[in-house]
Amino acid sequence: MAKVFIYPVNSLILADLVERYGHKPLAVMNQVREKVTNISLDSPPVNITPEDPKIGLRYAAVEVPPGVRGRMALIGPLIEETEAAIIVENPPTNFGCVGCNRTNELMKYLVREKEVPTLEVVYPESEEDAREFVYKIAAFLESLPKEKDKVGEKKGEEKVEEEKAEGQEEEQ
Amino acid sequence: MSAEEAGIVKIALVSCGSEYSGVQPEFEEAAARVNAKFVFPEIDIASIDNIGKEFGLEVASGDLRLMMARAKAVVEGITHVDGVFITTCFRCAEGAIVRNEVRRYIHKHSNIPVISYSFTERTSAGTLLTRLEALTTVARRRHLLAREVQTGLTAGIDSGSTTTKAVVMKDNRIIGTGWVPTIKVLESAEEAYSRALKEAGVSREEVQALGTTGYGRFLIGKHFNAQLIQEEITVNSKGAVYLADRQKGPATVIDIGGMDNKAISVEDGIPGMFTMGGICAGASGRFFEMISKRLGVEITELGALAVKGMQEKVTMNSYCIVFGIQSLVNSLAKGSAPEDVAAAACYSVVEQIFEQQLQEVDVKEPLILVGGSSLIEGVPKALEELLKIKVLVPRNSHLIGAVGAALLASGYVEE
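Residues numbered from 1 in each chain as written. Chains lettered and ligands numbered in written order. Predicted model: local features only at pLDDT ≥ 70, side-chain atom pairs only at ≥ 80, totals over all residues. Heavy atoms only, no water.

Visitor: What's the story with helix α2 (residues 28–37) of chain A in this structure? I'm lost.
Guide: Along an α-helix, a turn takes 3.6 residues, which lines up residues three or four apart on a common side. All names here are of chain A. If you check which residues of α2 are buried, you get Val28, Gln31 and Lys35. All buried residues of α2 project into a common sector of 60 degrees when viewed along the axis, lining one side. Packing partners of the buried residues in α2 comprise β2 (24–26), α3 (51–55) and α4 (66–81). (Buried < 20%, exposed > 50% of the residue type's maximum accessible area, 1.4 Å probe, protein only. Helix = DSSP H or I, 4+ residues; strand = E, 2+ residues; numbered from the N terminus. Arc of directions from axis to C-beta. Contact = heavy atoms within 4.5 Å.)

Visitor: Please clarify how the pattern of salt bridges should be interpreted in this entry.
Guide: Charged atoms that come close allow side chains of opposite charge to pair. Residue and element names in this part refer to chain A. Counted according to the given criterion, the structure contains 29 salt bridges over all chains. Note that glutamate 81 is salt-bridged to lysine 3, the shortest N-O span being 3.2 Å. Of the two residues, glutamate 81 sits in helix α4 while lysine 3 sits in strand β1 (residues 3–7), which places them 78 residues apart along the sequence. Three or more residues joined by partner-sharing salt bridges are found here, namely Glu89, Lys108, Arg112 and Glu120. (Salt bridge = Lys/Arg side-chain N within 4 Å of Asp/Glu carboxyl O.)

Visitor: So what exactly am I meant to see when it comes to helix α15 (residues 400–409) of chain B here?
Guide: In terms of residue burial, α15(B) counts as a mostly covered element, since 10 of its 10 residues are buried. Ile400(B), Gly401(B), Ala402(B), Val403(B), Gly404(B), Ala405(B), Ala406(B), Leu407(B), Leu408(B) and Ala409(B) are the residues of α15(B) that are buried.

Visitor: I keep staring at the interface of chain B and chain A and nothing clicks. Help me out?
Guide: Accessible area lost upon the coming together of the parts is a frequently used measure of interface size. With 25 residues of chain B in contact, the opposing surface of chain A contributes 25 residues. Summed over both sides, the interface of chain B with chain A buries roughly 1,800 Å², with 58% coming from carbon and sulfur. In terms of surface lost to chain A, no three residues of chain B exceed Tyr20(B), Arg91(B) and Glu121(B), which account for 36% of the buried area on that side. The tally of links from chain B across to chain A stands at three salt bridges. Among the salt bridges present, the one from Asp63(B) reaches Arg71(A), with a minimum N-O distance of 2.7 Å. A class-by-class count of the residues in the side of chain B that touches chain A yields 11 nonpolar, six polar and eight charged. (Buried area = accessible area lost by both parts, 1.4 Å probe. Nonpolar A, V, L, I, M, F, W, Y, C, P; charged D, E, K, R; others polar.)

Visitor: Please clarify how the sheet that holds strand β1 (residues 9–15) of chain B should be interpreted in this entry.
Guide: Hydrogen bonds between backbone atoms are what pair the strands of a sheet, whose relative direction is either parallel or antiparallel. Residue and element names in this part refer to chain B. In space, the nine strands of this open sheet follow the order β2-β1-β3-β4-β12-β11-β10-β13-β14, with mixed pairing throughout. With partners counted over all chains shown, the strands left at the sheet margins are β2 (36–39) and β14 (391–392), one partner each. For strand β11 (residues 261–267) and strand β12 (residues 270–276), the ladder comprises six bridges, and the chain directions are antiparallel. In the sheet register, valine 266 faces β12, and the bridge partner there is proline 271. On the sheet, helix α14 (residues 378–387) packs against β10 (250–256), β13 (367–370) and β14 and is oriented at approximately 150 degrees with respect to β13. (Pairing = 2+ DSSP bridges. Axes fitted to C-alpha atoms, helices over the stretch in contact; angles between N-to-C directions.)

Visitor: Explain the sheet that holds strand β4 (residues 118–122) of chain A here, please?
Guide: Residues and elements named next belong to chain A. Across the sheet, which stays open at both edges, the four strands sit in the order β2-β1-β3-β4 with parallel pairing between neighbours. Of all strands in the sheet, those bounded by a partner on one side alone are β2 and β4. Across the sheet, the mean angle from the axis of one strand to that of its neighbour is 25 degrees, orientation sign disregarded. Seen against the sheet, α4 touches β1 and β2 and runs at an angle of roughly 135 degrees to β1. Across the sheet, helix α6 (residues 127–143) touches β1, β3 (84–89) and β4, and the angle it forms with β4 is around 175 degrees.

Visitor: Can you walk me through empty space enclosed by the protein in this structure?
Guide: Sizing a probe to match a water molecule and rolling it over the atoms shows the empty space that remains. In the structure shown here, the tally under the stated rule is one cavity of 30 Å³ or more. If you add up the space inside the largest cavity, you get close to 100 Å³. If you go around the largest cavity, you meet 14 residues; those closest to its centre are Cys100(A), Cys16(B), Ser61(B), Leu64(B) and Cys92(B). Breaking the lining of the largest cavity down by element, the ones donating at least two residues are α4 of chain A together with α3 (62–75) and α4 (93–109) of chain B. Of the residues that constitute the lining of the largest cavity, the class distribution is seven nonpolar, three polar and four charged. (1 Å grid on protein atoms, 1.4 Å probe; cavity = no way out; pocket = protein on both sides within 12 Å on 5 of 7 lines; lining within 4 Å. Points joined across faces, edges and corners; volume = space filled by probe spheres on them.)

Visitor: I keep staring at unusual backbone geometry and nothing clicks. Help me out?
Guide: For residues other than glycine, phi is negative in most cases, and the peptide bonds are mostly trans. Backbone torsion omega between Tyr7(A) and Pro8(A) reads 5 degrees, so that peptide bond is classified as cis. Secondary-structure assignment places Pro8(A) in the loop between β1 and α1 (12–20). For the bond from Glu365(B) to Pro366(B), the omega torsion is 0 degrees, close enough to zero to count as cis. As for its placement among the helices and strands, Pro366(B) is situated in the loop between α13 (338–356) and β13.

Dropping the structure here:
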């Protein structure tokens, strides 16, 4: 299973497609869900605090507006996890939109910088294009490794567990 | 209970996504403190793709197009609101363009009061309070703002950041004034008020109604049991058109205070659009105080000195008070004449107000300049040079807040 970054990062259709092919979509909905369901001081409706734009400084400098950095505080960690990406250019608003084009520019750049397998497609204008669009995405998702990554992931989890155990031993 | 029944003012929040900037709780808190609530005008999501063409301003960011769609919903009455708060991220050029055009669009096509603001993640409820208080006052208390004549025996105290002013008025005349530096808010207010009462020859008990304004308005209002505690935007615009005798029709009020400045677009004495603040205290009375001190003159002498000088001879940038003083020191070190430096300081302050504030309101004549800095003769002169229009400085322009408060407080005499 690959962790697939989707653009637009809140596209339900793309997230659904990625899931159907057995991969994990890296969508902003999950980040927001985590924000609003975590019981803490910044629980809903106050789910983004002034701390978030500061977290966003990891991805954009202080002269970048707080709206970009606040969004990047949610999206940036997803990009860090990215193993593959699907970027849809020129989508209509109801296909998905985070509202701020500066954030769009930055997140696409950061994804491309990672040099992971990336599919860039243009949003279809006709029915025929739509079929081609879905076919391309499906083919791309099919091409991504599934089992191998599962093993890798398990190994990763085991490693984390080992590290934790080691840490506990040291503390004792 | 509906919002209308509860007297809650409904403000449309037209923003580029302030909820992502961590400031939304501050917005909500400021609104709650003035018994207002934000509403989000409903729009058809599909309209976002075409609104740019329809509006005539095509931008890439979806939330900025959402702002246009929401403004349209307000103007067309799809969403009924009492006021509009337009806000975008500070330092975003695309956001600033849309913010300004959306503000102009609402102002042109409706009578709904509008304010605009650019926020950072450090914007606090306190910063927004005065602005939202003014917005809700215009929406909620139009009848009070319609008052054009002071009646009875009333008083007004303006507790400003630098000076505290008090006036006592009787039957539409100022009969006593007090003007003292603000040191301790309450003590300064007591002193200014006592001086005004003494000059008027009346006792506190005789005063039928009192109004307070300025930064210390809540504290002194509570202390003196004021009938009216009101922010300075509405009070000052009222005071300005009253003192300048321009109560009917359009006017633009510029108030250069000790700590900030305000530009207010007024129609029949009621503020329509207004902005408050500046990048730095460089565009305020504080800058003049520092300049006077460095030039070794009293602040009351700075204006006369500036009128004799030529600002073109000195380059001064008061965008930041520190850099402004640096320019001053450099120019004096190069041998510039004090009068040229004083003139440059006046021009620099006015230039910042022009660049920062006057872009946010439509300048309509007459332009009334008020606040302590209006007494520095070089300031109205520089403003006239910059805007190429006549600037009115009414008599007692430094007492604007106190006069406005006394005038509006007289509404409580009859009540």
